[in-house]
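# Examination of the molecular architecture
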Amino acid sequence: MFKAIDFDKWQEIIESLKRHKLRTFLTAVSVWWGIFMLIILLGAGSGLENSAKRDFEDDSMNTFFVYGGTTSKPHKGLKPGRRIYFTYEDWEMLEYDTEGLDYTSGRFYMWGDNLIKYKDKALSFDLRTVHPEHAAIEKTIIKEGRFINNEDINSFRKICVLGDLVIKELMPYESNPIGQYVNIKGVEFMVVGVFTDTGWEGERKRIYLPITTAQKVFSGGDRVHELLATSSSIDMEETLLMKQRLRESLAEKHNFDAEDMQAIYLWNNFEDFQDFQTFFGMLKGFLWFVGIGSILAGVIGVSNIMLIIVKDRTREIGIRKALGATPRSIISMIVTESVFLTGISGYIGVLSGFGIIELLAYMMNKFEVELEFFYQPQVSPTVILSALFILVVAGVVAGYFPAKKAATISAVEAMNN
Amino acid sequence: MIKIKNIRKSYTTGTNTLEVLKGVNMQVEQGELVSIMGSSGSGKSTLLNVMGLLDTYDSGAYHLNDVKMEGLSEKEAAFYRNRFLGFVFQSFNLLPFKSALENVALPLYYQKVNRKERLKKAEQYLERVGLLNWKDHFPNEMSGGQKQRVAIARALITEPKVVLADEPTGALDSVTSEEIMGLFKEVHEEGMTMIVVTHENEIAARTQRVIRLTDGLVQTQVPIL
């Protein structure tokens, strides 16, 4: 008669496992270790990957950054060693005359001591002077108020947008920072917005000013130190072509050789992203290789131990046969024992592996540890369940064949073993 | 109860073929206590194994309880071993990791008797061999005689048709051997058919009939009484 749970059989199995503590322990450890290591490896891999991804996703994926440099090649009668400076016109060329670019912004650098005062507090923060579209490039998230707009740029308005951590430090007791005035390097600016950012902490300790206002107030003329532009293209070839066109039009405008790589520094994070993807592809491949290795070691371990167990129990099998055990009941006993053992220890491996990963994530969260290279480790349950499945199947196969062999040799032979 | 007709059995090791049973004829009636004697290599253990369905034979015919034992599958052989036969071995063959009680109960496990019932019945049989106080002891905590008593209780628990004993006193001293044979006699007097393989005359002398085996053939069948 079929019974859903053969209580007697399980009693036999538990009994047998209890009586053979060492081999039970060894089997359990080899399975546990395989699963545990796989989870730790994949978790560590994903932690590394997620942290790198965070850095990329913080800014627009395909952004060009341009800085002026010094020419290194003679061009049209001009000697090398000429500094290339950008002006407001260069930004206008990017914004109005260049095809394929989505968002553009200039940055005018504020050198020296950026002392910011509010009431009795005076602190130093990073200042960035930008165009309205900079918010889209940097993926700045407005929490309150607004970001810089075109009217600010055109009318040279003395307004500023503060990071939420600036607010926390500079005006912790201010219930509504919007409309307050802060003193930036001696000039009063009105707060019009508060922002946050998904990137690292430093991104939220910044103050944004309209670029034109900054140029005027801090006597920058029409200098622009850095140009930024994003493209919505996700094609490498197209991106490289666009980069080349950008270089050529800037070369024409500023009279330098387009082949002169030091005249301007033109950099695109999409190329980095590609490199990153290749690198993480390789890292993942390596982690999988090691992970599968540890699973394989587990499989071999289980197979070995099952072989020994069956050999060890040949006499017992003979005795059981003499008492009326069918080959089927013997095979079933050994295989069930093996599945039970590998299943349980694999499950503990899953729990402890996930436990450690989760604990790590929890601790990092709780103590606000920000590691640049490690972020939100996670492991796909599907992967782990497949690994567990493989180990259990290995246990079945490893148990089945020797058990079948042992069950078919004659009882006398088995008993004399 | 047991009818053996012209049974032959040979073993092949490498290129050598060794014929162990060369056409054995014998018969055991219900309720008999029979001994099979012979020197080592005479084929007496092989014969017992064939009777116990622990080993196969090459040709001839074997009837157990009027059922012809031929071309049995492993499953059928297991069924007959479980229902018709009880074994007592020279080396006891108890499972070392099971208590005396569990060892006795084990054959009933293969009859799918539930645990409670099995253990209850095993207690009765342990009491029958005088070892109820030892039910929770493991084989390594017992003397040879005690272990053999447990093995006898295990052989009897399924109420088999025949008890087959292979040198049951071979590992025991003479006093203990005497006790075991006394127990065999008691069981026999209750109507059990028993076959004892031995090479000791004193043991054979305590059975009703001796079958002498020499070089794979039955030499004489001497009734003692």
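In this report, we go over the structure that sits alongside the text. (Residues numbered from 1 in each chain as written. Chains lettered and ligands numbered in written order. Predicted model: local features only at pLDDT ≥ 70, side-chain atom pairs only at ≥ 80, totals over all residues. Heavy atoms only, no water.)

### A look at the overall build of chain A
Using the following cut-off: Put simply, DSSP H or I for four residues or longer makes a helix, DSSP E for two residues or longer makes a strand, and each gets a number counted from the N terminus. Each residue is placed in one exposure class: buried if its accessible area under a 1.4 Å probe, protein chains only, is under 20% of its type's maximum, exposed if it is over 50%, and partly exposed if it falls in between. Contacts: residue pairs with any heavy atoms within 4.5 Å of one another.
Assigned secondary structure in chain A consists of 13 helices and 14 strands. Classification of the 417 residues of chain A by burial places 49% in the buried group. Look at the contacts in chain A between residues 6 or more apart in sequence, and 79% of them connect residues 24 or more apart.

### Thoughts on the side chain of Asn-103 of chain B
Within the element layout of this structure, Asn-103 of chain B appears in helix α3 (residues 100-109). Apart from residues no more than four positions distant in its own chain, Asn-103 of chain B is found in contact with Leu-94, Leu-95, Lys-98, Pro-139, Val-150 and Arg-154 of chain B.

### Some thoughts on empty space enclosed by the protein
Keep this limit in mind: Both site types are read off a 1 Å grid over the protein atoms alone. A 1.4 Å probe that fits but cannot get out defines a cavity, while an open set with protein on both sides within 12 Å along at least five of seven lines defines a pocket; lining residues have an atom within 4 Å of a point. Grid points are joined across faces, edges and corners, and a volume is the space filled by probe spheres set on the points. Three residue categories are used. Nonpolar comprises Ala, Val, Leu, Ile, Met, Phe, Trp, Tyr, Cys and Pro, charged comprises Asp, Glu, Lys and Arg, and polar comprises the others, including Gly.
For the structure on display, the rule yields two cavities of 30 Å³ or more. The computed volume of the largest cavity comes to approximately 50 Å³. As for the largest cavity, its lining consists of Ala-322 and Leu-323 of chain A together with Arg-81, Asn-82, Leu-85, Gly-86, Pro-107, Arg-154, Ala-155 and Thr-158 of chain B. Mapped onto the lining of the largest cavity, the elements with two or more residues apiece are α2 (74-84), β6 (85-88) and α5 (144-156) of chain B. A class-by-class count of the residues in the lining of the largest cavity yields five nonpolar, three polar and two charged. Within this model, the second largest cavity holds a volume of roughly 40 Å³. What lines the second largest cavity is simply Leu-17, Thr-27, Met-306, Ile-309, Glu-337, Ser-338, Leu-341 and Thr-342 of chain A. Elements with a contribution of two residues or more to the lining of the second largest cavity: α9 (269-312) and α11 (327-366) of chain A. The leading source of residues in the lining of the second largest cavity is α11 of chain A, at four residues. Residue composition of the lining of the second largest cavity, by class: four nonpolar, three polar and one charged.

### Observations regarding the pairing of strand β10 (residues 187-196) of chain A
Residue and element names in this part refer to chain A. Note the threshold: At least two DSSP bridges between two strands are required for those strands to pair.
Burial analysis of β10 places eight of its ten residues in the buried class, the great majority of the element. Pairing of strand β7 (residues 141-145) with β10 involves four bridges; the strand directions are antiparallel. Opposite Glu-144, over in β10, you have Val-194 as the bridge partner. In this sheet, β10 lies alongside strand β9 (residues 181-184) in antiparallel orientation, the contact comprising four bridges. The residue of β10 that forms the bridge with Val-182 is Phe-189. The loop that links β9 with its antiparallel partner β10 comprises two residues; one of these, Lys-185, has a positive phi angle of about 50°.

### What to know about the interface of chain B and chain A
How big an interface is tends to be reported as the loss of accessible area on association of its parts. The condition is simple: By definition, the buried area sums, over both parts, the 1.4 Å-probe accessible area that each loses when the two are put together. In the sections that follow, a salt bridge refers to a side-chain nitrogen of Lys or Arg positioned within 4 Å of a carboxyl oxygen of Asp or Glu. Pairing of N or O atoms within 3.5 Å defines a polar contact, subject to two protein rules: one partner must be a possible hydrogen donor and the other a possible acceptor, and residues neighboring in sequence count only if both atoms are side-chain atoms.
With 26 residues of chain B at the interface, the matching set in chain A holds 25 residues. Where chain B abuts chain A, roughly 2400 Å² becomes buried across the two surfaces, and 59% of that area is made up of carbon and sulfur atoms. We note a salt bridge from Lys-321 of chain A to Glu-74 of chain B, for which the minimum N-O separation is 3.3 Å. At the junction of chain B with chain A, the criterion picks out five residue pairs in polar contact (both at pLDDT 80 or more). Mapped onto the side of chain B that touches chain A, the elements with two or more residues apiece are α2, α3 and α4 (115-128) of chain B. Of the residues forming the side of chain B that touches chain A, the biggest block, five residues, is contributed by α2 of chain B. Residues belonging to the side of chain B that touches chain A are distributed by class as follows: 13 nonpolar, five polar and eight charged.

### Focus: a nonpolar patch on the surface
All names here are of chain A. For clarity, the cut-off: Grouping into patches uses exposed residues only, defined as over 30% relative accessible area, and leaves out salt-bridged ones; the cut-off is 9 Å for like charges and 5 Å for nonpolar side chains (Val, Leu, Ile, Met, Phe, Trp, Tyr). Areas reported as accessible are Shrake-Rupley estimates using a 1.4 Å probe. Residue values count occlusion only from the protein chains shown.
Together, Phe-389, Ile-390, Val-393, Val-397, Tyr-400 and Phe-401 make up an exposed nonpolar region whose accessible area comes to about 570 Å². With respect to the helices, strands and loops of the structure, Val-393 is situated in helix α12 (residues 381-408). What makes Val-393 partly exposed here is its relative accessible area of 35%.

### Section: the packing of aromatic side chains
Residues and elements named next belong to chain A. Stated precisely, the cut-off is as follows: What counts as a ring pair is set by centres within 6.5 Å for rings of Phe, Tyr and Trp (its six-membered ring), and what kind of pair is set by the plane angle: stacked under 30 degrees, edge-to-face over 60, tilted for all other angles. By the criterion adopted, a ring carries a charge over it if an Arg CZ or a Lys NZ lies within 6 Å of its centre and within 35 degrees of its normal.
Applying the stated criterion across every chain yields a total of 16 aromatic pairs over all chains. Ring centres of Trp-32 and Trp-33 lie 5.9 Å apart, and the angle between their planes is 45°; on these two criteria the pair is classed as tilted. Ring plane angle 85° and centroid distance 5.2 Å describe the contact between Tyr-400 and Phe-401, whose orientation is recorded as edge-to-face. Given a relative accessible area of 30%, Tyr-400 falls into the partly exposed group. Three or more aromatic residues joined by ring pairs make a cluster, and in this case those are Trp-32, Trp-33 and Phe-36. Over the ring of Phe-156 we find Lys-216; its NZ or CZ atom is 3.9 Å from the centre of that ring.

### A short note on the pattern of salt bridges
All names here are of chain A. By the definition in use, this model includes 29 salt bridges over all chains. The partner of Glu-138 in a salt bridge is Arg-128, with the nearest N and O atoms 3.0 Å apart. Of this pair, Glu-138 sits in helix α4 (residues 134-138) while Arg-128 sits in strand β6 (residues 126-130), and the two are ten residues apart along the sequence. Between Arg-146 and Asp-152 there is a salt bridge, with the nearest N and O atoms lying 2.8 Å from each other. On the basis of relative accessibility, which here comes to 27%, the residue Arg-146 falls in the partly exposed class. Overlapping salt bridges, with partners in common, bring together Arg-107, Arg-128, Glu-138 and Glu-226 in one network.

### Some remarks on the environment of Gly-293 of chain A
Residues and elements named next belong to chain A. Its place among the elements puts Gly-293 in helix α9. Given the relative accessible area of 33%, Gly-293 is considered partly exposed. Between the alpha carbons of Gly-293 and Leu-38 there is a distance of 9.1 Å; along the sequence they are 255 residues apart.

Bear in mind that shape data such as this cannot, by itself, settle questions of function.
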